[in-house]
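Observations on the three-dimensional arrangement
Chain by chain, the residues:
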Amino acid sequence: AKGGGGGDDAGTSYGDRWYEEVDGSEWKRGGVKWKTLEHGGVMFPPLYTPHGKPFYYDGAAVPLTAEQEEVATMFAAMRETDYAKKETFQKNFMEAWRPLLKKTDEGKPVKKFDKCDFSAIAAHLEEEKARKKEMTKEQKAEAKKEKDEAEAHCVFALIDS
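Residues numbered from 1 in each chain as written. Predicted model: local features only at pLDDT ≥ 70, side-chain atom pairs only at ≥ 80, totals over all residues. Heavy atoms only, no water.

Considering the environment of Ala66
- When you line up the elements, Ala66 lands in helix α1 (residues 66–78).
- What makes Ala66 partly exposed here is its relative accessible area of 39%.
- Considered as a pair, Ala66 and Gly52 are 14 residues apart in the sequence and their alpha carbons are 8.4 Å apart.
- Beyond its immediate stretch of four places on either side in the chain, Ala66 contacts Tyr48 and Pro50. (Helix = DSSP H or I, 4+ residues; strand = E, 2+ residues; numbered from the N terminus. Buried < 20%, exposed > 50% of the residue type's maximum accessible area, 1.4 Å probe, protein only. Contact = heavy atoms within 4.5 Å.)

Laid out in structure tokens, this is it:
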């Protein structure tokens, strides 16, 4: 026999495609797979909550809107990765961030990546990471329980109920 089926393929047309057999009927491309499907829908992440940690440009603190801060925080979280250290990534990041920065007078002067200082935001993220690590086993279990309860409605789908 071919593949991982381990048995004689005589009498079937599936061979290595054993997974295509469902209740003795072959799934055909474009064929009916089910008659009804019920699902709780997708779950979106919560809206961004600003932390208010400073961002510095050329040594001066620059106040950021929540939208600008969210993008700065995303970069601060990945700034030590090999990818984020690449000049092309940094250039593309600034090109994507600049339209948000231009929306405020304080953000307009922020133009050159090499003058940006994300260290205060990165330090905040490290503190948050350490805080989560320091949680007790019970606190982690409670957080997991709350997360699981919030996601419960979209974990499973009911097919052909």
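Now, onward.
Let's talk about unusual backbone geometry
- Positive phi is not limited to glycine here, since Asp58 has a value of about 55 degrees.
- Structurally, Asp58 can be placed in the loop between β4 (55–57) and β5 (60–62).

A closer look at the confidence of the model for the chain
- Of all residues in the chain, 83% attain a pLDDT of 70 or more, and the chain-wide mean is 87.
- Under a pLDDT of 50 for its full length, residues 1–9 has, in the predicted model, 5 contacts with residues more than four places off or in other chains. (pLDDT = per-residue confidence, 0-100.)

Considering the nonpolar core
- Within the largest apolar cluster, 20 residues are counted, with the highest numbers of intra-cluster contacts made by Phe55, Phe93, Trp97, Val110, Cys116 and Phe118.
- Only β4, α1, α2 (87–101) and α3 (119–133) provide two or more residues apiece to this core.
- Examining the composition of this core, we find that 6 residues originate from one element, α2, more than from any other.
- For Phe118, the residues in contact, after removing those within four places along its chain, are Phe55, Ala72, Phe75, Ala76, Arg79, Phe93, Trp97 and Phe113. (Core = buried A, V, L, I, M, F, W, Y, C linked by side-chain atoms within 4.5 Å.)

Here we look at the side chain of Gln68
- Relative to the helices and strands, Gln68 resides in helix α1.
- Given a relative accessible area of 0%, Gln68 falls into the buried group.
- Residues contacting Gln68, with those up to four places away along its chain left out, are Pro63, Trp97, Leu100, Leu101 and Thr104.

Structural notes on the pattern of salt bridges
- Counted under the stated rule, the structure contains 8 salt bridges.
- A salt bridge links Lys85 to Glu80, with the shortest nitrogen-to-oxygen separation between them at 3.6 Å.
- Taken together, the shared-partner salt bridges connect Arg79, Glu80 and Lys85 into one network. (Salt bridge = Lys/Arg side-chain N within 4 Å of Asp/Glu carboxyl O.)

Regarding a nonpolar patch on the surface
- On the surface, Trp34, Leu37 and Ile159 cluster together to form a nonpolar patch covering roughly 290 Å² of accessible area.
- Within the secondary structure layout, Trp34 lies in the loop between β2 (25–26) and β3 (37–39). (Patch = residues over 30% accessible without salt bridge, like charges linked within 9 Å, V, L, I, M, F, W, Y side chains within 5 Å. Areas by Shrake-Rupley, 256 points an atom, 1.4 Å probe, with all protein chains shown as cover.)

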